[in-house]
Amino acid sequence: TSHKIFLSCRRRFLWNEKIERKTISMPSASIKKNISCSKENLIKMVLDIEKYPEFVPWCLNGKIHSKNDKGNKVEITADLTIGKSFFNETYKSFVIYDKSSDSIHVTNMDGPLKRLKNQWFFKQKGENSEVDFYVDFELKNKILNLLMIKSFHIGLKKIADAFEKRARELFKRG
C-alpha cells in the first residue's frame, strides 16, 4: 500500500479591532492511495455515508436525506455529525457522484463549515484502485478553525487510513 499526501495552504486575512492585518493559513490537501479492490466497490463504500460512524474517526452519525439517480449522476443530500471531546457539530452536504468520470464531489450546504470542497477520483489499476482524494475547508468558528489547522494533516491521514482499512475488511481478495 502506498500513499502520498500533499498539503497546501490558502491565505485568509482577518482584521481585529485594532485594524491590524492577521494572516491565517487555511488547510487543503490531497492524498493518493492504491487500494486492493475494484473502483466500483470503493465508490459504493464512499457513498454509503450512513456507515461512516462505524469506521471514520470522529464521525458520530451519518444520515442520507435524499438520493436521486439522474442517469449519469447521483445527487445525495446528507448530514454528518462529527465530534471530539467538547466539539460536536452536524453539517449538511451536497454530494454528486459523476458516473462518467468515476468521481465524487462534495460541498457544504449548512452547519459549522464556512466552505467545503471535497473531491474523490477513482481509477482502476489492474486489480487495484487508485483513489485521489482532495479536501479544502474552512470552519465558521475562527477559534476551532485555528485548532483544526494545527492537527489537520494528522487527522486527514487517520481518516484516509480508516477508509483504506475499511476497504480491506469489506473487499478482501484471496
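Criteria and cut-off values
Residues numbered from 1 in each chain as written. Predicted model: local features only at pLDDT ≥ 70, side-chain atom pairs only at ≥ 80, totals over all residues. Heavy atoms only, no water. Salt bridge = Lys/Arg side-chain N within 4 Å of Asp/Glu carboxyl O. Helix = DSSP H or I, 4+ residues; strand = E, 2+ residues; numbered from the N terminus. Buried < 20%, exposed > 50% of the residue type's maximum accessible area, 1.4 Å probe, protein only. pLDDT = per-residue confidence, 0-100. Contact = heavy atoms within 4.5 Å. Phe/Tyr/Trp six-rings, centres within 6.5 Å; stacked < 30°, edge-to-face > 60°. Bend = angle between axes of the 7 residues up to and from the residue. Core = buried A, V, L, I, M, F, W, Y, C linked by side-chain atoms within 4.5 Å. Pairing = 2+ DSSP bridges.

## Overview of the pattern of salt bridges
Then step 1. All told, the structure shown has 13 salt bridges when counted by the stated rule.
Then step 2. A salt bridge links K99 to D69, with the shortest nitrogen-to-oxygen separation between them at 3.1 Å. Remark: D69 occurs in strand β3 (residues 59-69) and K99 occurs in the loop between β5 (87-98) and β6 (103-110); sequence separation between them is 30 residues.
Then step 3. Using a relative accessible area of 29% as the deciding quantity, one classes K99 as partly exposed.
Then step 4. With its nearest N and O atoms 2.9 Å apart, the salt bridge here joins E138 to R115. On the criterion of sequence distance, the pair formed by E138 in strand β8 (residues 128-139) and R115 in strand β7 (residues 113-125) is long-range, its members being 23 residues apart. Residues E138 and R115 agree in their burial class; the two are buried.

## Observations regarding unusual backbone geometry
Then step 1. Not every positive phi belongs to a glycine, and W58 is a case in point at roughly 70°.
Then step 2. Structurally, the position occupied by W58 is in the loop between α1 (39-47) and β3.
Then step 3. A relative accessible area of 27% places W58 in the partly exposed class.
Then step 4. Not every positive phi belongs to a glycine, and D102 is a case in point at roughly 50°.
Then step 5. With respect to the helices and strands, the residue D102 is situated in the loop between β5 and β6.

## Observations regarding the confidence of the model for the chain
Then step 1. Here the chain averages 84 in pLDDT, while 84% of its residues score no lower than 70.
Then step 2. Every residue in residues 1-23 is under pLDDT 50, and counting partners more than four places away or in other chains gives 53 contacts.

## Things to note about the packing of aromatic side chains
Then step 1. What the rule picks out here adds up to 6 aromatic pairs.
Then step 2. Aromatic side chains Y52 and F163 sit 5.4 Å apart centroid to centroid with 90° between the ring planes, which places their arrangement in the edge-to-face category. Of the two residues, Y52 is situated in the loop between α1 and β3 and F163 in helix α2 (residues 142-170); the sequence distance between them amounts to 111 residues. Of the two residues, Y52 and F163, neither departs from the other in class, the shared state being buried.

## Considerations on α2
Then step 1. For α2, the principal kink sits at S151 and spans about 65°.
Then step 2. Listed as buried for α2 are L144, N145, F152, G155, L156, A160, A162, F163, E164, R166 and A167.

## Observations regarding the nonpolar core
Then step 1. Among the nonpolar cores identified, the biggest contains 42 residues, and Y52 and I104 are the most heavily contacted of them.
Then step 2. Top element by residues in this core is α2. It accounts for 7 residues.
Then step 3. Look past the residues within four positions of Y52 in its chain and what remains in contact with it is M45, V46, C59, L80 and F163.

## Regarding the environment of N34
Then step 1. Mapped onto the elements of the fold, N34 is located in strand β2 (residues 21-35).
Then step 2. On the basis of relative accessible area, N34 is assigned to the partly exposed category, the value being 28%.
Then step 3. Residues N34 and E130, 96 residues apart in the sequence, show an inter-C-alpha distance of 4.5 Å.

## Comments concerning the pairing of β7
Then step 1. Of the pairings in the sheet, the one linking β6 to β7 comprises 5 bridges and is antiparallel in character. Within β7, the position partnered with S103 by the bridge is F121.
Then step 2. The turn joining β6 and β7, which pair antiparallel and follow one another in sequence, is formed by 2 residues; a positive phi near 115° is taken by G111.
Then step 3. Inspection of the sheet shows β7 paired to β8 by 12 bridges, in the antiparallel sense. Along β8, the bridge assignment pairs K117 with D136.

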